[in-house]
Every structure is written in C-alpha cells, then in structure tokens.
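For reference, the chains in residue letters:
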Amino acid sequence: IITGDIAAMWLRDSANQVAPYLRFLSKDTHLQSLVKGVVARHARSVALDAYANAFQFDGEHGSGPHMGDTTTKPAFAGTTVDAMTDAIYERKYELDSLINVLHLSTSYFNATGDKTVFDATWLSAVGIILDVLLEQQQVGPTSYAFQRMTVEPTDSLEHAVGPPAAYTGMIRTCFRPSDDHAKFPFNIP
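Scope of this entry: the structure provided in the associated data block. Keep in mind the model is a prediction, meaning the values are calculated, not measured.

### Some details on the sheet that holds strand β4 (residues 80-82)
Taken together, three strands build an open sheet; the order of strands is β4-β3-β6 and the sheet is antiparallel. Sheet topology places β4 and β6 (145-147) at the edges, where each strand pairs with a single neighbour. Sheet twist, expressed as the average angle between the axes of neighbouring strands with direction ignored, equals 30 degrees. Sheet analysis places strand β3 (residues 70-74) next to β6, joined by three bridges and oriented antiparallel. Opposite Thr72, over in β6, you have Ala145 as the bridge partner.

### Quick word on the nonpolar core
Core analysis: the largest hydrophobic core is formed by 36 residues, its most contacted members being Val46, Tyr93 and Leu104. Those elements that place two or more of their residues in this core are α1 (11-18), α2 (29-48), α3 (95-112) and α4 (120-135). Setting aside chain neighbours within four positions, we find Tyr93 in contact with Tyr51, Leu98, Val132, Gln136, Tyr144, Ile171, Arg172, Thr173, Cys174 and Phe175.

### A word on the packing of α1 against α3
Helix-helix packing is characterised by the crossing angle of the two axes and by the distance between the axes. The N-to-C vectors of α1 and α3 enclose an angle of 35 degrees; their axes lie 8 Å apart at closest approach. Judged by the twist between their axes, the crossing of α1 over α3 is left-handed. The residues of α3 that touch α1, namely those facing Leu11, Arg12, Ala15, Asn16 and Val18, are Asp96, Ser97, Asn100, Val101 and Leu104. Each residue belonging to the contact of α1 with α3 can be placed in one class, and the counts come to five nonpolar, three polar and two charged.

### Comments concerning the side chain of Gln136
Within the secondary structure, Gln136 is located in the loop between α4 and β6. Given the relative accessible area of 2%, Gln136 is considered buried. Setting aside residues no more than four positions away along its own chain, Gln136 makes contact with Tyr51, Tyr93, Thr142, Tyr144, Met170, Ile171 and Arg172.

### Digging into the packing of aromatic side chains
Under the defined criterion, the tally for this structure stands at six aromatic pairs. Ring-pair connections join several aromatic residues into one group, and the members of that group are Tyr51, Tyr93 and Tyr144.

### As for α4
Helix length check: α4, at 16 residues, gives a terminal C-alpha distance of 22 Å against a target of 22 Å (1.5 Å per residue), a fit within 8%. Of the positions making up α4, those classed as buried are Trp122, Ala125, Val126, Ile129, Val132 and Leu133. Taken end-on, α4 shows its buried residues confined to a sector of 120 degrees, consistent with a single buried face. Among the exposed residues of α4, those oriented more than 90 degrees off its buried face are Ala120, Leu123, Asp131 and Leu134. Along its buried surface, α4 packs onto α2 and α3. In this structure Asp119 caps α4, since a side-chain oxygen of it lies 3.2 Å from the backbone nitrogen of Thr121.

### A word on the pairing of β3
Sheet analysis places β3 next to β4, joined by three bridges and oriented antiparallel. Within β4, the position partnered with Lys73 by the bridge is Val81. Taking the residues between adjacent antiparallel strands as the criterion, β3 and β4 are bridged by five residues, where Ala77 takes a positive phi near 55 degrees.

### Re the pattern of salt bridges
Throughout the structure, instances matching the rule amount to six salt bridges. The residue Arg12 makes a salt bridge to Asp96 at a minimum N-O spacing of 2.9 Å. Taken as a pair, Arg12 in helix α1 and Asp96 in helix α3 lie far apart in primary sequence, 84 residues in all. A network of salt bridges, in which partner residues are shared, links Arg12, Asp13, Glu94 and Asp96.

Basis of the calculations
Residues numbered from 1 in each chain as written. Predicted model: local features only at pLDDT ≥ 70, side-chain atom pairs only at ≥ 80, totals over all residues. Heavy atoms only, no water. Pairing = 2+ DSSP bridges. Helix = DSSP H or I, 4+ residues; strand = E, 2+ residues; numbered from the N terminus. Axes fitted to C-alpha atoms, helices over the stretch in contact; angles between N-to-C directions. Core = buried A, V, L, I, M, F, W, Y, C linked by side-chain atoms within 4.5 Å. Buried < 20%, exposed > 50% of the residue type's maximum accessible area, 1.4 Å probe, protein only. Contact = heavy atoms within 4.5 Å. Left-handed = near helix turned anticlockwise from the far one by under 90°. Nonpolar A, V, L, I, M, F, W, Y, C, P; charged D, E, K, R; others polar. Phe/Tyr/Trp six-rings, centres within 6.5 Å; stacked < 30°, edge-to-face > 60°. Expected span 1.5 Å × (residues − 1). Arc of directions from axis to C-beta. Polar contact = N/O pair within 3.5 Å; in protein donor to acceptor, adjacent residues only side chain to side chain. Salt bridge = Lys/Arg side-chain N within 4 Å of Asp/Glu carboxyl O.

Here you go:
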C-alpha cells in the first residue's frame with residue numbers, strides 16, 4: 001500500500017489506510033487476504049530496519065530520494081555503517097510507526113481470529129520492536145542517528161541525535177507523525 005503519489009509505504013499510513021476495512025474481514029476473504037498481506041509486509045519491513053518509517057517495495061525501483069541522508073546503525077566491534085538501503089525510502093524514527101504495526105496486528109487478529117500471519121518473521125519483528133522501545137527509554141546515546149542536509153530545520157535532528165532527555169520511563173521519539181523532528185523527545189498530549 002503506497003501513500004499518494006510516492007512509490008513508498010509508510011508503516012503508520014498503510015495501517016491507517018486499511019483500518020476502516022477491518023470490520024468487513026470476517027465476511028470478505030479477499031479483503032482479509034489484503035490486510036493479512038499488510039501485516040506480513042509490516043513484519044518484513046520492521047525486520048529490515050525498525051528505525052525506518054517508510055519503505056520501497058523491496059528496493060525494486062532503485063535508490064530512493066533520501067540515500068544522501070546521514071543515518072547509521074551499529075556494526076561489528078562498535079563501528080557503525082550506513083543504514084540506508086534501496087528498500088528503505090526514509091529512515092525517520094517515529095514511535096507511532098512501530099505502535100501502528102502492533103495495533104494493526106492486534107486488530108487483524110481480533111477481526112478474524114486468524115493466527116497464520118504470526119509466523120517466525122512476525123515474532124522476530126515484535127522482538128525487534130520491543131528492543132527499540134527499551135533502547136529508546138534509556139538516557140544518553142542510542143544506536144539511532146539521523147541527519148539530512150536540508151533548508152528545512154524540522155527535517156533533520158540536531159547533531160544527528162536530537163535534543164537531550166532525562167530518564168522518565170517513557171519512550172522517546174525523534175520524529176512526529178508529521179515527519180517533522182520532535183522538539184521534545186516525548187509525545188505528551
């Protein structure tokens with residue numbers, strides 16, 4: 001499921017695009033198959049990179065427009081490597097993206113009772129999500145870094161890590177659902 005005219009799938013947006021159809025899943029096997037596919041795709045996407053918020057379809061369209069972003073992930077012996085791949089459209093960590101993956105999975109099961117989508121890939125994705133949530137509760141540097149050369153300051157993080165935060169027990173986010181950086185690291189309504 002792509003969003004608008006961009007050939008990419010945002011985790012949050014794709015979950016919300018199918019949400020209105022959940023109540024019809026028990027009566028429509030084709031629709032159930034579609035939503036099951038979105039749940040499975042979310043799991044594969046999270047397994048690729050839980051800090052990415054948008055993905056290209058297996059990178060078959062070549063590099064996305066954000067390959068120049070400076071974003072890294074941990075590698076061997078404390079080193080880091082470039083995190084962008086052809087399958088990742090954008091790597092802006094948004095807490096709500098991961099929560100929407102879990103919410104759609106729960107909603108799918110509640111609507112259908114079907115457990116077949118919850119395979120080893122899905123279980124691994126849930127484990128990865130929990131690891132990210134635990135990491136983002138901690139004080140100090142995390143494995144996530146993101147910086148974009150841009151004229152729009154809300155499109156990047158300060159010093160690639162965002163504003164400092166004290167321990168609260170809450171889970172920080174780096175970007176808001178609008179894709180703008182979070183001025184404060186905790187979403188408090």
